[in-house]
Amino acid sequence: IKKIKKYLSIVMPNFILSSWYYNWIDIVKFKPLKTAFGVFRDPEASNYYPPYPEDIIHDKCLVFANKYIEYYKNLGYDNDQIFVVGNPRNDQIFQLLLEKFPVHKMNSEKNRELITSNKKYALYLEDSFQEQGMGGWTYNYLVEHLNEIAKNLLDRNLQLVVKIHPTTKVEQLQFINPNIIITDTDLEHLIYYSEFCIGHISSTINLAILLR
């Protein structure tokens, strides 16, 4: 409902115009309107199995893993259109793994000192929920949340290192427990050398899983 103006003024006119250039017969068959109605009727299902998937079928489908092949076949791709290429984002972490994560390649001197001190720590992978307006998260709540975790870890003789999301305003996190280190760099190294990671839904959790 909040986006109805955008849909009526931009999205739908663009979709209809694109349909006209691609195959004007679709306009005669009211396909754009049927598609819009299908999305409105069941938006969740349309995210995964749109009513007219041919609109989004490309010449090649590049996927991260074999696990996704069946889904894209069901979506409408032929088997010979699907290629498993892995996640390019992981190239760096695999290269560092081969090199055994040399500390001198870390960007932050503070982070290098942490690793070389052999201080045990847990890494928190922050998602910037407060910037997304998700679930009542605010900067005050985030500070309380991190303070509570840091206090718990201190009892276990563990430091808390927080890798903040790029959209998080670090200046909002200045009143924080001294057992907390805030950083915006060296993600891969910090995951590798941590005792364990704490996360919610961030894609960075995949890196923690890859490094076990």
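Look up: the structure comes first, before these words.
Anyway, here's the lowdown on the structure attached to this text.

## Re the overall build of the protein chain
So, point 1. Regarding its fold elements, the protein chain presents eleven helices and six strands.
So, point 2. At 23 Å, the protein chain has a C-alpha radius of gyration far larger than the 17 Å of a compact globule built from 212 residues.
So, point 3. Across the 212 residues in the protein chain, those meeting the buried criterion constitute 34%.
So, point 4. A sequence separation of at least 24 residues applies to 53% of the contacts in the protein chain between residues at least 6 apart.

## Some words on the sheet that holds strand S5 (residues 180–183)
So, point 1. Strand order in the open sheet formed by four strands is S5-S4-S3-S6, and the pairing between neighbours is parallel. If you trace the sheet from one side to the other, it starts and ends with S5 and strand S6 (196–198), each paired once. Taken over all neighbouring pairs, the strand axes of this sheet differ in orientation by 25 degrees on average, direction set aside.
So, point 2. Inspection of the sheet shows strand S3 (residues 121–125) paired to S6 by three bridges, in the parallel sense. Looking at S6, one finds that tyrosine 124 is bridged to isoleucine 198.
So, point 3. Those strands touched by helix H7 (residues 109–116) are S3, strand S4 (159–163) and S5, and its axis lies near 135 degrees from that of S5.

## Quick notes on the side chain of threonine 168
So, point 1. Tracing the sequence through the fold places threonine 168 in the loop between S4 and S5.
So, point 2. Owing to a relative accessible area of 7%, threonine 168 belongs among the buried residues under this scheme.
So, point 3. Apart from residues lying up to four places away in sequence, threonine 168 is in contact with Glu126, Ser128, Gln130, Glu131, Tyr139 and Leu173.

## Some points on unusual backbone geometry
So, point 1. Here the phi dihedral of phenylalanine 30 falls at roughly 60 degrees; this positive angle occurs in a residue that is not glycine.
So, point 2. Locating phenylalanine 30 in the fold gives a position in the loop between helix H2 (25–28) and helix H3 (31–41).
So, point 3. In this structure, asparagine 157 takes a positive phi of about 60 degrees despite not being glycine.
So, point 4. On the accessibility criterion, asparagine 157 (56% relative accessible area) is exposed.

## Examining helix H9 (residues 139–154)
So, point 1. With 16 residues, H9 should cover 22 Å at 1.5 Å per step; its first-to-last C-alpha distance of 22 Å lies within 8% of that length.
So, point 2. Every buried residue of H9 is listed here: Tyr139, Leu142, Val143, His145, Leu146, Ile149, Ala150 and Leu153. Mapping the buried residues of H9 onto a view down its axis gives an arc of 165 degrees, with all of them on the same face. Facing away from the buried side of H9 by over 90 degrees, the exposed positions are Asn140, Glu144, Glu148 and Lys151.

## So, the packing of aromatic side chains
For any pair of aromatic rings, the description rests on two quantities: the centre-to-centre distance and the angle between the ring planes.
So, point 1. Summed over the entire model, instances satisfying the criterion amount to eight aromatic pairs.
So, point 2. Ring centres of phenylalanine 129 and tryptophan 137 lie 5.1 Å apart, and the angle between their planes is 70 degrees; this geometry places the pair in the edge-to-face category.
So, point 3. According to the relative accessible area criterion, phenylalanine 129 is buried, its value standing at 6%.
So, point 4. Accessibility expressed as a relative area gives 16% for tryptophan 137, which makes it buried.
So, point 5. Geometrically, the ring pair formed by tryptophan 137 and tyrosine 141 is edge-to-face, given 4.9 Å between the ring centres and 85 degrees between the ring planes.
So, point 6. Residue classification places tyrosine 141 among the partly exposed positions, given a relative accessible area of 38%.
So, point 7. Taken together, Tyr49, Tyr71, Tyr72 and Tyr77 form an aromatic cluster joined through their ring pairs.
So, point 8. If you follow lysine 60 out to its NZ or CZ, it ends over the ring of phenylalanine 83, 5.6 Å from the centre.

## Thoughts on the pairing of S3
Sheet faces and side chains relate simply in a regular strand, where the side chains alternate between the two faces.
So, point 1. With five of five residues buried, S3 lies mostly within the body of the structure.
So, point 2. By the alternation rule, side chains of S3 split into Tyr121, Leu123 and Leu125 and Ala122 and Tyr124, which are all buried.
So, point 3. Sheet topology places S3 next to S4; five bridges connect them, and they run parallel. Residue pairing for S4: leucine 123 is matched across the bridge by valine 161.

The rules behind each value
Residues numbered from 1 in each chain as written. Predicted model: local features only at pLDDT ≥ 70, side-chain atom pairs only at ≥ 80, totals over all residues. Heavy atoms only, no water. Helix = DSSP H or I, 4+ residues; strand = E, 2+ residues; numbered from the N terminus. Rg over C-alpha atoms; globule rule 2.2 N^0.38 Å. Buried < 20%, exposed > 50% of the residue type's maximum accessible area, 1.4 Å probe, protein only. Contact = heavy atoms within 4.5 Å. Pairing = 2+ DSSP bridges. Axes fitted to C-alpha atoms, helices over the stretch in contact; angles between N-to-C directions. Expected span 1.5 Å × (residues − 1). Arc of directions from axis to C-beta. Phe/Tyr/Trp six-rings, centres within 6.5 Å; stacked < 30°, edge-to-face > 60°. Lys NZ or Arg CZ within 6 Å of the ring centre and 35° of its normal.

By themselves these figures say nothing about function.
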